[in-house]
Amino acid sequence: MEIKAIRGFNDILPNEIGRWQFVEKTARETFESFGFSEIRIPILEKTELFARGIGEATDIVEKEMYTFTDKGGSSLTLRPEATASMARAYLEHKLYTFDPVAKLYCIGPMFRYERPQKGRYRQFYQIDAEVFGVGNPVVDAEVILMLIHFLKRVGLEKLELQINSLGCRECRPRYRGELKTYLSGKSFHLCEDCKRRLQTNPLRIFDCKIETCQEAIVDAPKVSDFICEECRCHFDQVKEYLSIADLEYVLNPTMVRGLDYYTRTAFEVVSYDLGAQNVVTGGGRYDNLFQEIGGMDVPGIGFAIGMERLISLLPRDKGSTRPLDLFIAVLGKKCKQDAFRIANQLHLEGIRAEFDYEGKSLKSQMRRADKFNARYVLILGEEELERGKATLRNMADKTQEEVPLQNMVHILKEKILRD
Ligand code: HAM
(Lines give C-alpha, C1' and ligand atoms only; values in the text may rest on other atoms or scores of the structure.)
Protein backbone atom coordinates (compact mmCIF):
# COMPACT_ATOMS: atom_id res chain seq x y z
CA MET A 1 0.00 0.00 0.00
CA GLU A 2 1.21 3.48 -0.86
CA ILE A 3 2.36 5.39 2.21
CA LYS A 4 0.62 8.72 2.75
CA ALA A 5 1.49 11.69 4.99
CA ILE A 6 0.12 11.74 8.55
CA ARG A 7 -3.30 13.39 9.06
CA GLY A 8 -2.86 17.09 9.81
CA PHE A 9 0.68 17.15 8.40
CA ASN A 10 0.99 18.92 5.06
CA ASP A 11 3.45 19.02 2.21
CA ILE A 12 4.16 22.48 0.86
CA LEU A 13 4.54 21.90 -2.84
CA PRO A 14 6.82 23.72 -5.30
CA ASN A 15 3.91 25.64 -6.84
CA GLU A 16 3.04 27.08 -3.39
CA ILE A 17 6.54 27.72 -2.13
CA GLY A 18 6.91 31.15 -3.73
CA ARG A 19 4.20 32.50 -1.43
CA TRP A 20 5.90 31.01 1.63
CA GLN A 21 9.27 32.45 0.65
CA PHE A 22 7.71 35.84 -0.02
CA VAL A 23 6.10 35.89 3.44
CA GLU A 24 9.30 34.77 5.17
CA LYS A 25 11.42 37.31 3.30
CA THR A 26 9.00 40.14 4.12
CA ALA A 27 8.93 39.09 7.78
CA ARG A 28 12.73 39.09 7.98
CA GLU A 29 13.00 42.51 6.32
CA THR A 30 10.26 44.06 8.43
CA PHE A 31 11.40 42.65 11.76
CA GLU A 32 15.05 43.41 11.15
CA SER A 33 14.17 47.03 10.39
CA PHE A 34 12.74 47.14 13.94
CA GLY A 35 16.04 45.78 15.33
CA PHE A 36 15.06 42.10 15.64
CA SER A 37 17.48 39.21 15.02
CA GLU A 38 16.65 35.67 14.00
CA ILE A 39 17.07 32.83 16.46
CA ARG A 40 16.70 29.11 15.63
CA ILE A 41 15.60 26.86 18.43
CA PRO A 42 15.21 23.10 18.65
CA ILE A 43 11.99 21.38 17.67
CA LEU A 44 12.19 19.09 20.71
CA GLU A 45 12.34 20.30 24.29
CA LYS A 46 11.90 18.82 27.72
CA THR A 47 8.16 18.44 28.35
CA GLU A 48 8.50 20.37 31.58
CA LEU A 49 9.35 23.57 29.69
CA PHE A 50 5.93 23.68 28.04
CA ALA A 51 4.03 22.27 31.00
CA ARG A 52 5.38 25.02 33.25
CA GLY A 53 5.56 27.76 30.62
CA ILE A 54 2.21 27.38 28.86
CA GLY A 55 0.36 26.11 31.96
CA GLU A 56 -0.70 22.60 33.06
CA ALA A 57 -4.40 23.46 32.81
CA THR A 58 -4.41 24.63 29.19
CA ASP A 59 -5.77 22.65 26.23
CA ILE A 60 -2.31 22.61 24.68
CA VAL A 61 -0.65 20.94 27.67
CA GLU A 62 -3.61 18.79 28.71
CA LYS A 63 -4.51 17.36 25.32
CA GLU A 64 -2.50 18.58 22.39
CA MET A 65 1.18 17.93 22.95
CA TYR A 66 3.18 15.35 21.03
CA THR A 67 4.99 13.94 24.04
CA PHE A 68 7.08 10.79 24.20
CA THR A 69 9.77 9.19 26.29
CA ASP A 70 13.10 8.91 24.51
CA LYS A 71 15.47 5.95 24.75
CA GLY A 72 17.18 7.55 27.75
CA GLY A 73 13.87 7.77 29.64
CA SER A 74 13.40 11.57 29.35
CA SER A 75 9.97 13.01 28.59
CA LEU A 76 10.29 15.16 25.47
CA THR A 77 7.75 17.20 23.53
CA LEU A 78 7.60 18.50 19.96
CA ARG A 79 7.28 22.24 20.44
CA PRO A 80 3.65 23.39 20.34
CA GLU A 81 4.80 27.03 20.26
CA ALA A 82 8.07 28.97 20.31
CA THR A 83 7.82 31.55 23.11
CA ALA A 84 8.81 29.26 25.98
CA SER A 85 11.77 27.88 24.00
CA MET A 86 12.97 31.34 23.09
CA ALA A 87 12.76 32.39 26.74
CA ARG A 88 14.71 29.26 27.71
CA ALA A 89 17.40 30.09 25.12
CA TYR A 90 17.66 33.70 26.40
CA LEU A 91 18.27 32.41 29.92
CA GLU A 92 20.46 29.46 28.97
CA HIS A 93 22.82 31.52 26.80
CA LYS A 94 22.63 34.55 29.10
CA LEU A 95 21.71 36.75 26.15
CA TYR A 96 21.01 39.48 28.72
CA THR A 97 24.74 39.90 29.37
CA PHE A 98 25.12 41.35 25.86
CA ASP A 99 22.08 43.57 26.32
CA PRO A 100 19.17 43.19 28.73
CA VAL A 101 16.76 43.80 25.87
CA ALA A 102 16.58 41.06 23.27
CA LYS A 103 14.40 41.35 20.18
CA LEU A 104 14.18 37.94 18.58
CA TYR A 105 12.18 36.23 15.87
CA CYS A 106 11.94 32.69 14.67
CA ILE A 107 10.18 30.91 11.83
CA GLY A 108 9.35 27.23 11.82
CA PRO A 109 6.96 24.36 12.40
CA MET A 110 4.96 23.79 15.60
CA PHE A 111 3.03 20.67 16.56
CA ARG A 112 -0.34 20.31 18.27
CA TYR A 113 -2.58 17.27 18.34
CA GLU A 114 -5.75 19.15 17.42
CA ARG A 115 -8.66 18.00 15.29
CA PRO A 116 -7.59 18.93 11.75
CA GLN A 117 -9.86 21.20 9.74
CA LYS A 118 -9.37 24.12 7.35
CA GLY A 119 -6.81 26.43 8.95
CA ARG A 120 -6.06 23.97 11.77
CA TYR A 121 -3.34 21.39 11.36
CA ARG A 122 -1.19 19.17 13.54
CA GLN A 123 2.00 20.52 12.07
CA PHE A 124 1.69 24.20 11.26
CA TYR A 125 4.17 27.03 10.80
CA GLN A 126 4.52 30.13 12.86
CA ILE A 127 6.44 33.35 12.48
CA ASP A 128 7.13 34.37 16.04
CA ALA A 129 8.58 37.65 17.35
CA GLU A 130 9.42 38.41 20.97
CA VAL A 131 10.90 41.29 22.98
CA PHE A 132 12.48 40.24 26.27
CA GLY A 133 13.55 42.60 29.01
CA VAL A 134 11.21 45.62 28.67
CA GLY A 135 8.06 46.13 30.69
CA ASN A 136 7.26 49.56 29.31
CA PRO A 137 3.92 49.86 27.45
CA VAL A 138 5.56 51.64 24.53
CA VAL A 139 7.02 48.26 23.55
CA ASP A 140 3.59 46.62 23.55
CA ALA A 141 2.46 49.22 21.03
CA GLU A 142 5.65 48.92 18.97
CA VAL A 143 5.35 45.15 18.73
CA ILE A 144 1.73 45.49 17.58
CA LEU A 145 2.75 48.22 15.15
CA MET A 146 5.45 45.98 13.68
CA LEU A 147 2.94 43.19 13.24
CA ILE A 148 0.48 45.45 11.43
CA HIS A 149 3.29 46.86 9.24
CA PHE A 150 4.19 43.33 8.26
CA LEU A 151 0.61 42.29 7.52
CA LYS A 152 0.15 45.38 5.35
CA ARG A 153 3.42 44.75 3.52
CA VAL A 154 2.36 41.24 2.53
CA GLY A 155 -0.86 42.74 1.18
CA LEU A 156 -3.40 41.77 3.83
CA GLU A 157 -6.39 43.99 4.32
CA LYS A 158 -9.73 43.65 6.03
CA LEU A 159 -8.15 42.63 9.31
CA GLU A 160 -9.26 43.59 12.77
CA LEU A 161 -6.86 44.20 15.63
CA GLN A 162 -8.45 43.22 18.93
CA ILE A 163 -6.90 44.04 22.29
CA ASN A 164 -7.60 43.31 25.92
CA SER A 165 -5.86 43.49 29.27
CA LEU A 166 -5.65 40.28 31.28
CA GLY A 167 -4.33 41.83 34.49
CA CYS A 168 -1.40 40.56 36.50
CA ARG A 169 -0.48 38.24 39.37
CA GLU A 170 -1.88 40.83 41.80
CA CYS A 171 -5.31 41.43 40.30
CA ARG A 172 -6.17 38.31 38.31
CA PRO A 173 -6.75 35.98 41.30
CA ARG A 174 -9.58 38.23 42.46
CA TYR A 175 -11.10 38.14 38.99
CA ARG A 176 -10.75 34.36 38.79
CA GLY A 177 -12.62 34.13 42.08
CA GLU A 178 -15.43 36.37 40.80
CA LEU A 179 -15.70 34.41 37.56
CA LYS A 180 -15.76 31.11 39.39
CA THR A 181 -18.52 32.28 41.72
CA TYR A 182 -20.54 33.61 38.79
CA LEU A 183 -20.18 30.41 36.73
CA SER A 184 -20.74 28.07 39.67
CA GLY A 185 -24.35 29.24 39.61
CA LYS A 186 -24.56 28.16 35.96
CA SER A 187 -22.46 25.04 36.04
CA PHE A 188 -25.35 22.81 34.91
CA HIS A 189 -25.14 24.63 31.50
CA LEU A 190 -21.46 23.83 31.14
CA CYS A 191 -20.00 20.95 29.14
CA GLU A 192 -17.97 18.30 30.97
CA ASP A 193 -14.70 19.94 29.95
CA CYS A 194 -15.85 23.34 31.21
CA LYS A 195 -17.11 21.88 34.50
CA ARG A 196 -13.54 20.71 35.02
CA ARG A 197 -12.15 24.06 33.77
CA LEU A 198 -14.32 25.82 36.34
CA GLN A 199 -12.16 24.22 39.02
CA THR A 200 -8.77 24.31 37.30
CA ASN A 201 -8.80 27.33 35.00
CA PRO A 202 -12.14 29.16 34.66
CA LEU A 203 -10.81 31.74 32.15
CA ARG A 204 -10.46 28.97 29.57
CA ILE A 205 -14.28 28.70 29.46
CA PHE A 206 -14.31 31.85 27.30
CA ASP A 207 -12.64 29.81 24.55
CA CYS A 208 -15.15 26.93 24.59
CA LYS A 209 -17.08 26.75 21.33
CA ILE A 210 -20.06 24.83 22.77
CA GLU A 211 -23.20 26.92 22.59
CA THR A 212 -24.47 26.34 26.12
CA CYS A 213 -21.06 27.30 27.54
CA GLN A 214 -21.02 30.42 25.38
CA GLU A 215 -24.48 31.33 26.67
CA ALA A 216 -23.42 30.73 30.26
CA ILE A 217 -20.44 33.05 29.93
CA VAL A 218 -21.91 35.83 27.82
CA ASP A 219 -22.80 38.08 30.78
CA ALA A 220 -19.98 36.91 33.03
CA PRO A 221 -17.71 39.50 34.65
CA LYS A 222 -14.91 40.61 32.35
CA VAL A 223 -11.27 40.60 33.36
CA SER A 224 -10.67 44.16 32.18
CA ASP A 225 -13.19 45.39 34.80
CA PHE A 226 -11.09 43.88 37.58
CA ILE A 227 -7.58 44.96 36.68
CA CYS A 228 -5.56 46.90 39.25
CA GLU A 229 -4.52 50.52 38.93
CA GLU A 230 -1.08 49.66 37.54
CA CYS A 231 -2.50 47.35 34.89
CA ARG A 232 -5.09 49.95 33.94
CA CYS A 233 -2.43 52.62 33.61
CA HIS A 234 -0.31 50.24 31.48
CA PHE A 235 -3.28 49.46 29.22
CA ASP A 236 -4.20 53.14 28.86
CA GLN A 237 -0.68 53.90 27.71
CA VAL A 238 -0.71 51.03 25.20
CA LYS A 239 -3.93 52.43 23.75
CA GLU A 240 -2.46 55.92 23.67
CA TYR A 241 0.61 54.75 21.74
CA LEU A 242 -1.57 52.79 19.33
CA SER A 243 -3.49 55.99 18.65
CA ILE A 244 -0.25 57.92 18.12
CA ALA A 245 0.63 55.28 15.50
CA ASP A 246 -2.84 55.72 13.95
CA LEU A 247 -3.66 52.08 14.53
CA GLU A 248 -7.29 51.20 14.78
CA TYR A 249 -8.25 48.57 17.31
CA VAL A 250 -11.31 47.02 18.88
CA LEU A 251 -11.52 46.26 22.59
CA ASN A 252 -12.46 42.62 23.07
CA PRO A 253 -13.13 42.03 26.77
CA THR A 254 -13.73 38.28 26.27
CA MET A 255 -10.40 37.54 24.57
CA VAL A 256 -8.34 35.58 27.10
CA ARG A 257 -5.87 33.74 24.80
CA GLY A 258 -5.28 30.01 25.09
CA LEU A 259 -1.99 30.03 26.98
CA ASP A 260 -1.64 30.77 30.68
CA TYR A 261 1.49 32.88 30.61
CA TYR A 262 -0.19 36.11 29.55
CA THR A 263 -0.28 39.18 31.77
CA ARG A 264 -1.66 42.60 30.91
CA THR A 265 -1.79 43.28 27.15
CA ALA A 266 -3.26 40.54 24.95
CA PHE A 267 -4.06 40.95 21.27
CA GLU A 268 -5.27 39.08 18.24
CA VAL A 269 -5.60 39.91 14.58
CA VAL A 270 -8.74 38.43 13.11
CA SER A 271 -9.81 38.01 9.48
CA TYR A 272 -13.47 37.67 8.66
CA ASP A 273 -12.46 35.93 5.41
CA LEU A 274 -11.15 32.87 7.26
CA GLY A 275 -14.20 31.05 8.60
CA ALA A 276 -14.05 29.24 11.95
CA GLN A 277 -10.27 29.44 12.44
CA ASN A 278 -10.19 33.20 11.95
CA VAL A 279 -7.29 34.26 14.18
CA VAL A 280 -4.25 34.99 12.03
CA THR A 281 -2.08 36.18 14.89
CA GLY A 282 -2.16 36.03 18.63
CA GLY A 283 0.13 37.52 21.18
CA GLY A 284 0.59 39.48 24.33
CA ARG A 285 2.68 40.29 27.34
CA TYR A 286 3.96 37.59 29.69
CA ASP A 287 5.81 39.10 32.64
CA ASN A 288 5.95 35.90 34.73
CA LEU A 289 6.94 33.32 32.13
CA PHE A 290 10.66 33.53 32.82
CA GLN A 291 10.11 32.87 36.50
CA GLU A 292 7.71 30.02 35.74
CA ILE A 293 10.46 28.25 33.82
CA GLY A 294 12.97 28.78 36.62
CA GLY A 295 14.61 32.01 35.47
CA MET A 296 14.90 35.51 36.81
CA ASP A 297 12.33 38.25 36.56
CA VAL A 298 12.27 39.28 32.89
CA PRO A 299 9.24 40.89 31.26
CA GLY A 300 8.35 39.85 27.72
CA ILE A 301 5.92 40.50 24.92
CA GLY A 302 5.44 39.00 21.47
CA PHE A 303 3.19 37.36 18.95
CA ALA A 304 2.99 34.43 16.58
CA ILE A 305 1.49 34.47 13.10
CA GLY A 306 -0.04 31.28 11.74
CA MET A 307 1.57 30.97 8.32
CA GLU A 308 -1.01 28.67 6.70
CA ARG A 309 -3.83 31.04 7.66
CA LEU A 310 -1.86 34.09 6.53
CA ILE A 311 -0.91 32.53 3.20
CA SER A 312 -4.49 31.51 2.47
CA LEU A 313 -5.40 35.22 2.69
CA LEU A 314 -2.60 36.57 0.48
CA PRO A 315 -3.62 38.34 -2.71
CA ARG A 316 -3.12 36.07 -5.74
CA ASP A 317 -0.27 38.05 -7.26
CA LYS A 318 1.93 37.86 -4.14
CA GLY A 319 4.90 35.56 -4.12
CA SER A 320 4.35 33.85 -7.44
CA THR A 321 7.30 31.67 -8.43
CA ARG A 322 9.83 33.22 -10.77
CA PRO A 323 9.55 31.73 -14.26
CA LEU A 324 12.41 29.94 -15.96
CA ASP A 325 14.62 32.45 -17.82
CA LEU A 326 15.80 30.10 -20.51
CA PHE A 327 15.12 26.60 -21.74
CA ILE A 328 17.77 25.09 -24.00
CA ALA A 329 16.29 22.75 -26.56
CA VAL A 330 18.85 20.23 -27.70
CA LEU A 331 18.60 18.63 -31.16
CA GLY A 332 21.17 15.91 -31.49
CA LYS A 333 23.72 14.23 -29.23
CA LYS A 334 26.61 16.54 -30.02
CA CYS A 335 24.67 19.60 -28.95
CA LYS A 336 24.11 18.27 -25.46
CA GLN A 337 27.67 19.11 -24.47
CA ASP A 338 27.21 22.71 -25.59
CA ALA A 339 23.88 22.89 -23.76
CA PHE A 340 25.55 21.54 -20.62
CA ARG A 341 28.36 24.11 -20.88
CA ILE A 342 26.10 27.10 -21.65
CA ALA A 343 23.61 26.23 -18.91
CA ASN A 344 26.40 25.94 -16.35
CA GLN A 345 27.85 29.30 -17.31
CA LEU A 346 24.40 30.88 -17.05
CA HIS A 347 23.85 29.38 -13.61
CA LEU A 348 27.03 31.06 -12.43
CA GLU A 349 25.47 34.38 -13.56
CA GLY A 350 22.34 33.67 -11.49
CA ILE A 351 20.16 32.96 -14.55
CA ARG A 352 17.52 30.26 -14.29
CA ALA A 353 18.27 27.95 -17.18
CA GLU A 354 17.50 24.31 -17.94
CA PHE A 355 18.18 22.05 -20.87
CA ASP A 356 16.77 18.81 -22.24
CA TYR A 357 18.58 15.75 -20.89
CA GLU A 358 16.90 13.04 -22.90
CA GLY A 359 16.99 13.82 -26.61
CA LYS A 360 13.24 14.39 -26.92
CA SER A 361 11.65 15.80 -30.09
CA LEU A 362 11.68 19.57 -30.59
CA LYS A 363 7.89 19.62 -30.18
CA SER A 364 8.03 17.92 -26.83
CA GLN A 365 10.91 20.14 -25.66
CA MET A 366 8.92 23.25 -26.64
CA ARG A 367 5.95 21.93 -24.67
CA ARG A 368 8.19 21.53 -21.66
CA ALA A 369 9.52 25.09 -22.06
CA ASP A 370 5.93 26.30 -22.16
CA LYS A 371 5.00 24.36 -19.05
CA PHE A 372 7.77 26.09 -17.13
CA ASN A 373 6.80 29.49 -18.55
CA ALA A 374 10.29 29.90 -19.99
CA ARG A 375 10.89 33.44 -21.18
CA TYR A 376 13.34 32.32 -23.89
CA VAL A 377 14.17 29.09 -25.64
CA LEU A 378 17.62 28.57 -27.16
CA ILE A 379 17.49 25.96 -29.89
CA LEU A 380 20.77 24.15 -30.41
CA GLY A 381 20.83 22.18 -33.68
CA GLU A 382 23.90 20.36 -35.04
CA GLU A 383 23.84 22.10 -38.40
CA GLU A 384 23.60 25.56 -36.88
CA LEU A 385 26.26 24.81 -34.35
CA GLU A 386 28.63 23.90 -37.15
CA ARG A 387 28.06 27.42 -38.46
CA GLY A 388 28.72 28.72 -34.92
CA LYS A 389 25.09 29.82 -34.46
CA ALA A 390 21.94 28.94 -32.52
CA THR A 391 18.34 30.17 -32.57
CA LEU A 392 16.93 32.20 -29.74
CA ARG A 393 13.14 32.35 -29.44
CA ASN A 394 11.38 34.96 -27.35
CA MET A 395 8.38 33.10 -25.97
CA ALA A 396 6.39 36.25 -25.18
CA ASP A 397 6.33 37.80 -28.65
CA LYS A 398 7.21 34.59 -30.56
CA THR A 399 10.08 36.27 -32.44
CA GLN A 400 13.24 34.37 -33.34
CA GLU A 401 16.79 35.46 -34.07
CA GLU A 402 20.10 33.81 -34.78
CA VAL A 403 22.75 34.37 -32.15
CA PRO A 404 26.49 33.58 -32.45
CA LEU A 405 27.86 30.82 -30.20
CA GLN A 406 30.84 32.96 -29.41
CA ASN A 407 29.75 35.35 -26.67
CA MET A 408 26.51 33.39 -26.26
CA VAL A 409 26.53 33.65 -22.48
CA HIS A 410 27.20 37.35 -22.61
CA ILE A 411 24.39 37.94 -25.13
CA LEU A 412 21.88 35.85 -23.18
CA LYS A 413 22.81 37.53 -19.94
CA GLU A 414 22.32 40.98 -21.46
CA LYS A 415 18.91 40.05 -22.86
CA ILE A 416 17.58 38.19 -19.86
CA LEU A 417 18.73 40.62 -17.23
CA ARG A 418 17.63 43.61 -19.33
CA ASP A 419 13.98 42.51 -19.70
P1 HAM B 1 -1.42 30.84 19.61
O2 HAM B 1 -2.60 31.74 19.65
O3 HAM B 1 -1.54 29.51 20.23
O4 HAM B 1 -0.23 31.65 20.28
O5 HAM B 1 -0.95 30.66 18.10
C6 HAM B 1 -0.65 31.75 17.28
C7 HAM B 1 -1.20 31.54 15.89
O8 HAM B 1 -0.74 30.29 15.37
C9 HAM B 1 -2.71 31.43 15.81
O10 HAM B 1 -3.31 32.70 15.78
C11 HAM B 1 -2.92 30.67 14.51
O12 HAM B 1 -2.84 31.56 13.41
C13 HAM B 1 -1.72 29.76 14.47
N14 HAM B 1 -2.11 28.41 14.93
C15 HAM B 1 -2.24 27.96 16.19
N16 HAM B 1 -2.60 26.66 16.19
C17 HAM B 1 -2.71 26.28 14.90
C18 HAM B 1 -3.04 25.06 14.24
N19 HAM B 1 -3.32 23.95 14.90
N20 HAM B 1 -3.06 25.05 12.87
C21 HAM B 1 -2.76 26.16 12.17
N22 HAM B 1 -2.43 27.34 12.74
C23 HAM B 1 -2.40 27.41 14.08
C24 HAM B 1 1.02 31.16 20.44
O25 HAM B 1 1.46 30.16 19.93
C26 HAM B 1 1.90 32.09 21.26
N27 HAM B 1 3.21 31.47 21.39
C28 HAM B 1 1.96 33.45 20.62
C29 HAM B 1 2.84 34.40 21.35
C30 HAM B 1 4.11 34.72 21.08
N31 HAM B 1 2.49 35.06 22.45
C32 HAM B 1 3.51 35.79 22.86
N33 HAM B 1 4.50 35.58 22.04
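Cut-offs and rules
- The residue count restarts for each chain, going from 1 along the sequence in the order it is written.
- In keeping with the model being predicted, local features are shown solely for residues with a pLDDT of at least 70 and side-chain atom pairs are shown and tallied solely at 80 or more, while totals for entire chains, interfaces and linings include all residues.
- Hydrogens and water molecules were not included; the side-chain quantities draw on all heavy atoms of the structure.
- Whether two strands pair comes down to DSSP finding at least two bridges between them.
- Here a strand is any run of E in DSSP of at least two residues, a helix any run of H or I of at least four, and the numbering for each starts at the N terminus.
- The contact rule is simple, with two residues in contact once any of their heavy atoms fall within 4.5 Å.
- In this analysis, axes come from line fits to C-alpha atoms, helices being fitted only over the stretch in contact, and the angle between any two N-to-C directions falls in the range 0 to 180 degrees.
- Nonpolar cores were defined as sets of buried Ala, Val, Leu, Ile, Met, Phe, Trp, Tyr and Cys residues, with membership established by side-chain atoms within 4.5 Å.
- Accessible area is worked out with a 1.4 Å probe on protein chains only. A residue is then buried under 20% of its type maximum, exposed over 50%, and partly exposed in between.
- Centre distance within 6.5 Å is the pairing criterion for rings of Phe, Tyr and Trp, where only the six-membered ring of Trp is used; planes under 30 degrees apart are then read as stacked, over 60 as edge-to-face, and the remainder as tilted.
- Whether a charge sits over a ring comes down to the Lys NZ or Arg CZ being within 6 Å of the ring centre and within 35 degrees of the ring normal.
- Side-chain atoms alone can form a polar contact between residues adjacent in sequence; in general such a contact is a pair of N or O atoms within 3.5 Å, and within protein one must be able to donate a hydrogen while the other accepts it.

1. Structural notes on the sheet that holds strand β1 (residues 37-38)
Step number 1: With mixed pairing, the eight strands of this open sheet are ordered in space as β1-β5-β6-β11-β10-β9-β7-β8. Looking at strand neighbours, the two that pair on one side only are β1 and β8 (250-251), the edges of this open sheet.
Step number 2: Alignment of strand β7 (residues 159-165) against β8, held across two bridges, turns out to be parallel. Among the inter-strand pairings, I163 is bridged to a residue of β8, identified as L251.
Step number 3: Running over the sheet, helix α9 (residues 229-244) touches β7, β8, β9 (265-271) and β10 (279-285) and is turned about 155° from β7.

2. Overview of the nonpolar core
Step number 1: Counting residues in each nonpolar core, the largest one holds 51 residues, and the members touching the most others are M86, F132 and F290.
Step number 2: Per element, the largest residue contribution to this core is six residues, and it comes from helix α4 (residues 83-92).
Step number 3: Not counting the four nearest positions on each side in its chain, F290 is found in contact with A87, Y90, L91, F132, G295, M296, V298 and P299.
Step number 4: Counting 41 residues, the second largest nonpolar core, distinct from the first, contains F36, I127, F150 and V269.

3. Looking at the packing of aromatic side chains
Step number 1: Under the counting rule described, the total for this entry stands at 18 aromatic pairs.
Step number 2: Taking the centre distance of 5.1 Å and the plane angle of 85° together, the rings of F355 and Y357 count as edge-to-face.
Step number 3: By relative accessible area, which is 53% here, Y357 ends up exposed.
Step number 4: These aromatic residues form a ring-pair network of at least three members: Y90, Y96, F132, Y261, Y262, Y286 and F290.
Step number 5: Here the guanidinium or amino end of R122 rests over the ring plane of Y113, the centre of that ring lying 3.8 Å away.
Step number 6: For K371, the ring lying beneath its charged end belongs to F372, and the centroid distance is 6.0 Å.

4. Side note on the side chain of E130
Step number 1: Positionally, E130 belongs in strand β6 (residues 123-132).
Step number 2: A distance of 2.9 Å separates the side chain of E130 from the side chain of T83, its partner in a polar contact.
Step number 3: When neighbours within four sequence positions are excluded, E130 is seen to be in contact with F36, T83, M86, A102, K103, L104, Y286, I301, G302 and F303.

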